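Spelled out from the first residue to the last, the chains are:
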Amino acid sequence: MANVIKLRKGLDINLKGKAEETKILLRSSGKYALVPDDFEGVVPKVVVKEGDKVKAGDALFVNKNYPTVKFASPVSGTIAAVERGDRRKVLSIRVDADANQEFRDFGASNVNTLTGEQVKSMLLDAGLFGYINQLPYAISTNPETHPKAIFVSALRDMPLAANFEFELKGKEKDFQTGLTALSKMAKTYLGVGVHSSMENFKDVEVTVFDGKCPAGNVGVQVNHLDPVNKGEVVWTIGDPTVVLFIGRLFNSGKVDLRRTVALAGSEVKNPAYVDMLVGQELTTLLSNSYDSDHSVRIINGNPLTGRPTTKDGFLGAHTSEITVIPEGDDKNEMLGWIMPRFGQFSVNRSYCSWLFGKKQYALDARIKGGERHMIMSGEYDRVLPMDIYGEYLIKAIIAGDIDRMEQLGIYEVSPEDFAVAEFVDSSKLELQRIVREGLNILRKENA
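Residues numbered from 1 in each chain as written. Predicted model: local features only at pLDDT ≥ 70, side-chain atom pairs only at ≥ 80, totals over all residues. Heavy atoms only, no water.

A. Region of interest: the overall build of the protein chain. Across its full length, the protein chain carries 11 helices and 20 strands. The C-alpha atoms of the protein chain give a radius of gyration of 22 Å, which matches the 22 Å a tight globule of 447 residues would have. Across its three principal axes, the protein chain shows a C-alpha extent of roughly 65 × 50 × 50 Å. The proportion of buried residues among the 447 residues of the protein chain is 54%. (Helix = DSSP H or I, 4+ residues; strand = E, 2+ residues; numbered from the N terminus. Rg over C-alpha atoms; globule rule 2.2 N^0.38 Å. Buried < 20%, exposed > 50% of the residue type's maximum accessible area, 1.4 Å probe, protein only.)

B. Expanded view of the sheet that holds strand β6 (residues 59-63). As summarised here, the arrangement of the three strands in space is β4-β6-β7, forming an open sheet in which the pairing is antiparallel. At either margin of the open sheet sits one strand with a lone partner, and together these are β4 (44-46) and β7 (66-72). Averaged over all neighbouring strand pairs, the angle between strand axes comes to 35 degrees, with direction disregarded. The pairing of β6 with β7 spans four bridges and is antiparallel. Paired with V62 across the strands is K70, a residue of β7. (Pairing = 2+ DSSP bridges. Axes fitted to C-alpha atoms, helices over the stretch in contact; angles between N-to-C directions.)

C. Representation of the environment of K428. Here K428 shows up in the loop between α10 (419-424) and α11 (431-446). For the pair K428 and I150, spaced 278 residues apart in sequence, the C-alpha to C-alpha distance is 34 Å. At 2.8 Å, the side chain of K428 forms a polar contact with the backbone oxygen of I367. (Polar contact = N/O pair within 3.5 Å; in protein donor to acceptor, adjacent residues only side chain to side chain.)

D. Just the sheet that holds strand β5 (residues 53-54), in detail. In space, the four strands of this open sheet follow the order β3-β9-β8-β5, with antiparallel pairing throughout. The open sheet has two free edges, formed respectively by β3 (31-34) and β5, since each of these has just one partner strand. Bridge count between strand β8 (residues 77-84) and strand β9 (residues 90-97): seven bridges; the pairing is antiparallel. Residue E83 lies in a different strand from β9, and its bridge partner there is S92.

E. Highlighting the pattern of salt bridges. For the structure on display, the rule yields 25 salt bridges. K269 is the partner of D291 in a salt bridge, and the nearest nitrogen-oxygen pair spans 3.8 Å. One end of the pair, D291, is in the loop between α6 (283-286) and β18 (296-300); the other, K269, is in the loop between β16 (258-264) and β17 (272-277), and 22 residues separate them in sequence. (Salt bridge = Lys/Arg side-chain N within 4 Å of Asp/Glu carboxyl O.)

F. Molecular detail of the layout of surface pockets. One number sums up the size of the second largest pocket: a volume of about 1,100 Å³. In terms of lining residues, the second largest pocket is bounded by 38 residues, among which L11, D12, I13, N14 and K212 are the most central. Residues that form the lining of the second largest pocket fall into these classes: 20 nonpolar, nine polar and nine charged. (1 Å grid on protein atoms, 1.4 Å probe; cavity = no way out; pocket = protein on both sides within 12 Å on 5 of 7 lines; lining within 4 Å. Points joined across faces, edges and corners; volume = space filled by probe spheres on them. Nonpolar A, V, L, I, M, F, W, Y, C, P; charged D, E, K, R; others polar.)

G. A look at the packing of aromatic side chains. The tally for this structure, following the rule as stated, stands at 14 aromatic pairs. Considering the side-chain rings of F166 and Y273, the 4.7 Å spacing of their centres and the 45 degrees angle between planes classify their relative orientation as tilted. In this pair, F166 is assigned in helix α2 (residues 164-168) and Y273 in strand β17, connecting sequence segments 107 residues apart. Comparing F166 with Y273, the two get one shared label, buried. Ring centres 6.2 Å apart and planes at 90 degrees place the aromatic pair Y389 and Y392 in the edge-to-face group. A relative accessible area of 54% means that Y389 is categorised as exposed. (Phe/Tyr/Trp six-rings, centres within 6.5 Å; stacked < 30°, edge-to-face > 60°.)

H. Focus on empty space enclosed by the protein. This structure, assessed with the given rule, holds one cavity of 30 Å³ or more. Taken as a whole, the largest cavity spans an internal volume of roughly 30 Å³. Along the walls of the largest cavity sit L15, K16, L160, G265, S266, I325, Y361, A362 and L363, which together make up its complete lining. Split into classes, the residues belonging to the lining of the largest cavity amount to six nonpolar, two polar and one charged.

I. Seen up close, the environment of V413. As for its position among the elements, V413 is in the loop between α9 (402-407) and α10. For V413, a relative accessible area of 0% puts it in the buried group. Separated by 275 residues in the primary sequence, V413 and A138 place their C-alpha atoms 7.4 Å from one another.

J. Spotlight on unusual backbone geometry. Geometrically, the link from L135 to P136 is a cis peptide bond, its omega value of 10 degrees lying close to zero. The residue P136 is located in the loop between β10 (133-135) and β11 (139-140) in this model. Here C213 and P214 are connected by a cis peptide whose omega angle stands at 15 degrees. Within the secondary structure, P214 is located in the loop between β14 (205-210) and α4 (218-225). Positive phi, normally seen in glycine, also occurs at D203, with a value near 70 degrees. Looking at the element boundaries, D203 is found in the loop between β13 (188-192) and β14.

K. How the structure looks around the side chain of N223. If you trace the backbone, N223 turns up in helix α4. Of the polar contacts made by the side chain of N223, one reaches the side chain of E412; its length is 2.5 Å. Apart from the residues within four sequence positions on either side, N223 is in contact with P385, M386, D387 and E412. (Contact = heavy atoms within 4.5 Å.)

L. Seen up close, helix α5 (residues 241-252). With 12 residues, α5 extends 16 Å from end C-alpha to end C-alpha; this agrees with the ideal 16 Å at 1.5 Å per step. Counting buried positions along α5 gives 10 out of 12 residues, so the element sits mostly inside the fold. For α5, every residue scored as buried is listed here: T241, V242, V243, L244, F245, I246, G247, R248, L249 and F250. Looking at the packing, one finds that the buried side of α5 touches α1 (116-126), β12 (150-153), α2, α3 (172-185), β15 (234-237) and β16. (Expected span 1.5 Å × (residues − 1).)

Remember that the coordinates give geometry; whether it matters functionally is a separate question.
This is how it looks when you write it as structure tokens:
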């Protein structure tokens, strides 16, 4: 019987356009790109050049600080370009896929007979180890860390998030193999939602998190199960599809970066799921998915934590949904906030829409106000189900007070933990950016 942890803080935002549990077939354009910025904390060193031929599973770049950490190509083909930005920053490595795919063979293995070091070695060789993150700092981990535990969250509860249980159907063997592989390296915890079908997986400690968003954040789960103190490290997988990547590697001996992605949002004509590869171009998926007669925001991820992208963008390494919502820059509202607003969402019941119960909302990308002084009102704490003082931590980060940051629990948090707090923040502060800057300052100081 799984443990159950009841969370009382949080906020569920019910948006229009959630994907129906049906799949659409997608014809690939043959263009792919791996983006180093998808792997936080990695300094990329490109190991291929334009015109090179690669197989699926061959390394495209490595972590310059830890060269054994490779990042694999999702397809076989020809390197089309190494795209660079300011100061020669690597923006992406683009690959034109072959018509007939070739895979580098790493050899199938019985994970039950392997040691933790053998599992780690195979993940490094296949370019999958970098998909594992760590706390503190919420960055891609490295093989020199020694975690006290590994945490996997299989609960996606952000607005319009893809349902992992739908993706998991028929792939339970690969998921179990991936969990067993992780358990060889350290004690592994699996966090799931209420009434989940994943409570019976072996070799891990399963915990049910019963609460509102962000109960599915792996940082929230770590905070309730085994908090991180200074000097400790835990490995985290907030994207459960990574466990499928790992399981497929050991079961088939090949790198298979297929994932089931939700095409969602109030602007999408037929919200549904589609199978895609990491790094796949979005043009084909988005070509006829929404009306283009007004401005929209295309998001690589969910509306709270995703990154803005375009039709010419590529599927992120940890992206489980592509979201399309109104931009809102073409709206002209008479009297603005004074109107009763029956179709707008308000946490504090400032609008009359709360009278209609749990209705769905078509929110746009406007923040509806400008940045202002921070008000210590306790609004962060009402939606942050962690044993930390969120408002005081944000103030310490803004002030650059490292000792105060440590005392207030910065080692336990990641930017996404403040996504809901950023949504409700009446001061309109970019809390996720602030937390990321604080973590980067702390990592630099402790290096």
